[in-house]
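Results of the structural survey
So the chains spell out like this:
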Amino acid sequence: MPVLFVLFQSVGILWADSSRTVPWILVGAILLVAAGCAVRLRRAVLNRVPARRWDAWLMLGLLAFLIGFFSHAERLADAARDAERLDAMDPTADHLVDAFVESRRAGRFGDRVRLRSLRSVATGEELVARAELRLMPAVKCDYGQGQGDGGDCHGDGESGKGDGDGKNGERGESGEASRAERLLQPGASVRLGVRLSRAFSPRNPGSPDWDRQRARSGLVARARLVDADWVLERVETELGPGSLQNVLEERRRVWQRSRTKALAGVSAGEGLARALVLGDRSGLTERSRNAFRETGLGHLLAVSGLHVGFVAGFAAWLSRRAGPRLRLPCLPNGLGNPFTVPIWTGTIVAAIYAWMTGAAVSVARASLLLGLFVLARQGARSVKPIPALACVAAGLLWINPASLFDLGARFSFTACLALAASGLWGESERLEKRDQAPRGESGGSKLLAAARASGAASLAVSFGTLPWVAQLQGPLHPLSPFLNLLAIPWTGVLVLPTAMLGVMGAGLLPGHWVAALLWPAAALASAVEWFAESVPAPPPQLGISFVWVGICAVLGMLLVRRGALAAALLLWWMVAIVGVMPWVGSHFETSARRAVFFDVGQGDAALIQSESSTWLMDTGPGPQDGSGGAALVRGLYVLGVRHIDVLVVTHADLDHRAGAQRVLEKFSVSALWLPATEREEASLRALEKVARQRGTRVRRILAGATPEFNDPFLEAEVLWPRQVSEGASRNESSIVMRFRFAESGPSLLMMADVGHATERALLEAPEQLRADVLKVGHHGSTGSSGDAFLAAVAPRWAILSSPCEPTRGLPSRSVVDRLRAAGSRLAWTGRDGAIALDFGATREDPGGIQVRPWASRRSCLGEDGESPTTVN
């Protein structure tokens with residue numbers, strides 16, 4: 001019955017998500033009733049199912065369908081209304097609003113604050129139903145030398161950019177918390193000054209549709225504080241069912257902040273301890289994040305059912321040891337047995353742990369499952385795993401229908417289903433006889449049996465979650481089952497208990513005691529980092545399709561179920577070495593001669609290919625440590641790229657080179673080209689080091705440089721810089737290149753971030769500038785793309801690599817107007833998503849260019865019209 005309910009509930013949510021309307025619901029209900037009547041008649045004839053039971057099943061299914069549909073449709077309708085209101089607003093206008101703080105969670109790039117019911121103080125009108133606001137720490141902006149127009153100020157987790165003005169910073173120059181930091185707490189009613197805009201995300205091949213995911217959560221609006229001190233606490237407070245939740249959330253945040261402050265600088269294991277105990281991964285270094293992800297141990301960083309089980313089991317064991325004969329004889333029905341107190345102790349401690357970590361979907365799932373099994377045991381009843389999992393899923397979907405599309409929820413529930421499908425989760429007597437050691441058997445045999453069971457569970461979960469890993473193009477390490485076999489017991493038996501004691505004792509115990517308690521966490525992090533660097537995962541050579549990924553997942557779980565662990569392990573090695581292809585809804589249908597401009601916000605990343613060579617120009621923005629490029633790598637895999645002949649980093653600004661290190665690690669790269677400049681750039685020296693360690697040739701490039709290989713289908717010419725100029729800015733020292741396909745084919749001019757000064761110098765040889773396609777310089781800054789320069793280039797197509805949001809000033813309206821006045825068609829990554837240009841010339845039309853956008857067109861700078869179309 002629960003399985004039927006959650007199945008129909010999920011169908012209703014999916015139906016609403018596909019934008020189906022009420023008439024279609026009625027049609028679907030009629031079809032369900034008709035099908036039910038037919039099945040009922042057949043089964044009644046065969047006397048297999050009583051008619052009354054079938055009626056109950058049918059009515060329950062229809063009820064679940066309607067609950068799922070209307071709960072999700074209401075949230076989508078709110079998001080659609082907010083989107084319409086935002087499209088009609090000026091995103092640069094300041095609004096004084098009254099709002100309610102719904103939640104606040106720590107993130108890698110600052111706290112995420114969710115606001116509800118944002119009403120204008122001036123008119124009393126509701127501006128948007130929900131909005132998300134980032135409280136970002138103050139960051140140092142990297143503008144180059146005086147290039148402040150849309151400079152490289154990073155901190156936003158999606159685009160790699162921050163506001164650059166420090167107005168959303170949590171702390172002022174004095175180091176004291178701002179009013180925003182103090183007052184924007186869950187449950188507070190506040191009055192604040194904000195700017196509201198659409199929360200647009202990059203759209204690329206291989207990446208999920210994050211805009212759609214926001215709409216499912218009702219969060220299509222992004223709020224930006226006018227100033228960190230423009231926040232006032234209102235006297236009114238919201239009462240009702242959510243008040244207790246708000247109070248608990250506030251208490252959790254206060255406690256979490258106190259623990260974070262007390263742990264600061266105590267031990268190298270602080271970051272991992274905070275992730276395991278508090279659910280706060282902001283203290284982890286990028287090196288640790290990458291190491292855990294690359295080795296297949298990333299699930300240890302995300303608090304999940306595994307952690308809840310360890311905490312509950314450890315608490316129950318302690319309780320059992322503390323009072324082995326403690327009984328509660330007053331309880332009826334035989335509940336006063338020696339296991340009652342340990343079981344309830346573990347359940348209560350698990351609930352407290354879930355509250356401490358913020359109760360994500362996976363944690364809530366594990367806690368609720370534990371509660372169900374405890375209640376069943378105390379009532380002398382048994383609960384089968386699949387119905388129990390269905391009951392928990394139905395409850396979570398009732399509370400938040402968007403959980404159906406949450407990747408963490410998918411991983412969590414799929415892992416449980418994989419254990420059940422593999423026969424490793426249940427009460428089967430056959431499994432107990434097979435896996436449990438007989439009495440009197442040696443401790444070594446028992447340990448071997450436990451290791452075998454743990455290895456089988458690791459393989460089952462690895463195969464079960466393989467489709468989701470493939471969807472995200474996650475790394476597959478051939479040795480991850482062995483690593484999990486070692487890391488999971490170490491984490492559960494030693495790291496997690498000591499980390500909890502260390503976190504709770506910080507500030508109360510001497511510092512060296514806390515450091516000793518956090519030593520297991522520090523040892524685990526160091527070991528994983530060392531292994532990831534010493535034995536890196538091999539880059540995928542071919543990549544199997546998503547259909548074969550599903551087949552391998554099912555086959556692997558069947559092998560585990562039959563006890564053929566060696567065959568299952570061999571299958572895993574084959575899949576990990578060959579690699580998997582991420583699943584995407586559609587592909588760019590292009591010829592071998594193409595250019596793809598990725599949607600990376602305010603940044604550059606472009607792929608240029610012919611039949612014989614592959615070039616990558618820049619790698620987009622990311623964090624200051626240069627660890628970006630995850631979406632770019634997924635996109636390249638989807639496009640079939642496995643080897644890069646030349647990686648060109650045009651200059652050292654972060655929005656052009658932040659993903660270069662990841663590209664060097666994930667692909668075979670023959671050559672790395674860097675600009676020849678007088679300036680000492682530590683970031684470029686670091687890239688040189690990584691490239692040389694991986695056998696990639698490094699060249700410092702000036703005008704006239706040519707590749708070390710001959711490509712008869714693609715000519716590449718370096719136009720700038722002509723010489724090493726002392727004191728030149730990064731932007732004016734950028735590498736400018738011109739590509740031409742075949743002898744008389746179309747040409748492409750890549751202008752990096754150069755401005756008017758370099759354009760005037762290039763105009764000394766105007767014949768070199770003529771191009772069919774222009775990648776507009778400096779993301780459409782007013783300091784680039786002058787009239788004389790555009791007249792010399794005369795491009796048919798102009799490519800803008802800029803976000804759709806005009807809040808950062810790029811692209812400039814004046815530049816867009818100049819491009820159109822020059823007769824250029826405009827393709828814009830922020831508006832159209834990733835853009836593919838097909839240069840597959842034919843005999844009839846040797847200069848033909850086909851332009852294909854990856855996504856539907858957005859409204860940017862208030863413009864309307866059709867998406868780019870083929871033009872010759």
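Scroll up for the structure.
These remarks concern the structure in this document. Computed from a prediction, not measured in an experiment: that's the story for all the values here.

With that settled, consider the nonpolar core. With 40 residues, the main nonpolar core has Leu-272, Val-277, Phe-292, Leu-297, Tyr-353 and Leu-524 as its most contacted residues. Listing elements by their share of this core, those giving two or more residues are α7 (270–277), α8 (286–294), α9 (305–322), α10 (340–356), α11 (361–378), α17 (480–505) and α19 (519–534). Residue contributions to this core peak at eight residues, all from α17. With residues up to four places along the chain from it excluded, the contact list for Leu-297 reads Phe-292, Leu-483, Asn-484, Ala-487 and Val-528. Ala-605, Ala-652, Leu-672 and Leu-687 belong to the second largest nonpolar core, which has 33 residues in total.

Our next topic: the sheet that holds strand β12 (residues 697–701). Taking strand neighbours across the sheet as the criterion, the eight strands line up as β12-β11-β10-β9-β8-β7-β19-β20 in an open arrangement whose pairing is mixed. This sheet does not close on itself; its edge strands, each paired only once, are β12 and β20 (850–853). Sheet twist, expressed as the mean angle between neighbouring strand axes with direction ignored, is 20°. Pairing between strand β8 (residues 606–609) and strand β9 (residues 614–617): four bridges, direction antiparallel. Counterpart to Gln-609 in the pairing with β9 is Thr-614.

This brings us to the pattern of salt bridges. The full count for this structure, using the stated rule, is 30 salt bridges. Between Lys-775 and Asp-604 there is a salt bridge, with its nearest N and O atoms 2.7 Å apart. In this pair, Lys-775 sits in strand β16 (residues 773–775) while Asp-604 sits in the loop between β7 (594–597) and β8, placing the two residues 171 residues apart along the sequence. We note that Lys-775, like Asp-604, is buried. Overlapping salt bridges bring together Asp-17, Arg-212 and Arg-216 as one network.

This brings us to the packing of aromatic side chains. Applying the stated rule across the entire model yields ten aromatic pairs. Both rings, one in Phe-463 and one in Trp-572, keep their centres 5.7 Å apart while their planes meet at 85°; by these two values the pair is edge-to-face. Pair noted here: Phe-463 is in helix α15 (residues 443–464) and Trp-572 is in helix α21 (residues 565–578), with a separation of 109 residues, a long-range link. No difference in accessibility class separates Phe-463 from Trp-572, as the two residues are buried. Here a set of aromatic residues connected by ring pairs shows up, and it is made of Trp-615, Trp-673, Phe-709 and Phe-739. The ring of Phe-405 has Arg-216 lying over it, and the distance from NZ or CZ to the ring centre is 3.8 Å.

Here we take up the environment of Ala-16. Inspection of the secondary structure assignment puts Ala-16 in helix α1 (residues 2–17). Put simply, Ala-16 and Leu-66 are 50 residues apart on the chain and 9.8 Å apart in space, counted from C-alpha to C-alpha. Apart from residues lying up to four places away in sequence, Ala-16 is in contact with Phe-69, His-72, Ala-73 and Leu-76.

Right, let's talk about the packing of helix α20 (residues 546–561) against α21 for a bit. With their axes 8 Å apart at the nearest point, α20 and α21 run at an angle of 160° to one another. Classified by the angle their axes make, α20 and α21 are roughly antiparallel. Judged by the twist between their axes, the crossing of α20 over α21 is left-handed. Touching Cys-552, Leu-555, Gly-556, Leu-559 and Val-560 of α20 are Leu-565, Ala-567, Ala-568, Leu-571 and Val-575, all from α21.

The rules behind each value
- Residues numbered from 1 in each chain as written.
- Predicted model: local features only at pLDDT ≥ 70, side-chain atom pairs only at ≥ 80, totals over all residues.
- Heavy atoms only, no water.
- Core = buried A, V, L, I, M, F, W, Y, C linked by side-chain atoms within 4.5 Å.
- Buried < 20%, exposed > 50% of the residue type's maximum accessible area, 1.4 Å probe, protein only.
- Helix = DSSP H or I, 4+ residues; strand = E, 2+ residues; numbered from the N terminus.
- Contact = heavy atoms within 4.5 Å.
- Pairing = 2+ DSSP bridges.
- Axes fitted to C-alpha atoms, helices over the stretch in contact; angles between N-to-C directions.
- Salt bridge = Lys/Arg side-chain N within 4 Å of Asp/Glu carboxyl O.
- Phe/Tyr/Trp six-rings, centres within 6.5 Å; stacked < 30°, edge-to-face > 60°.
- Lys NZ or Arg CZ within 6 Å of the ring centre and 35° of its normal.
- Parallel < 35°, antiparallel > 145°, perpendicular 65-115°, else oblique.
- Left-handed = near helix turned anticlockwise from the far one by under 90°.

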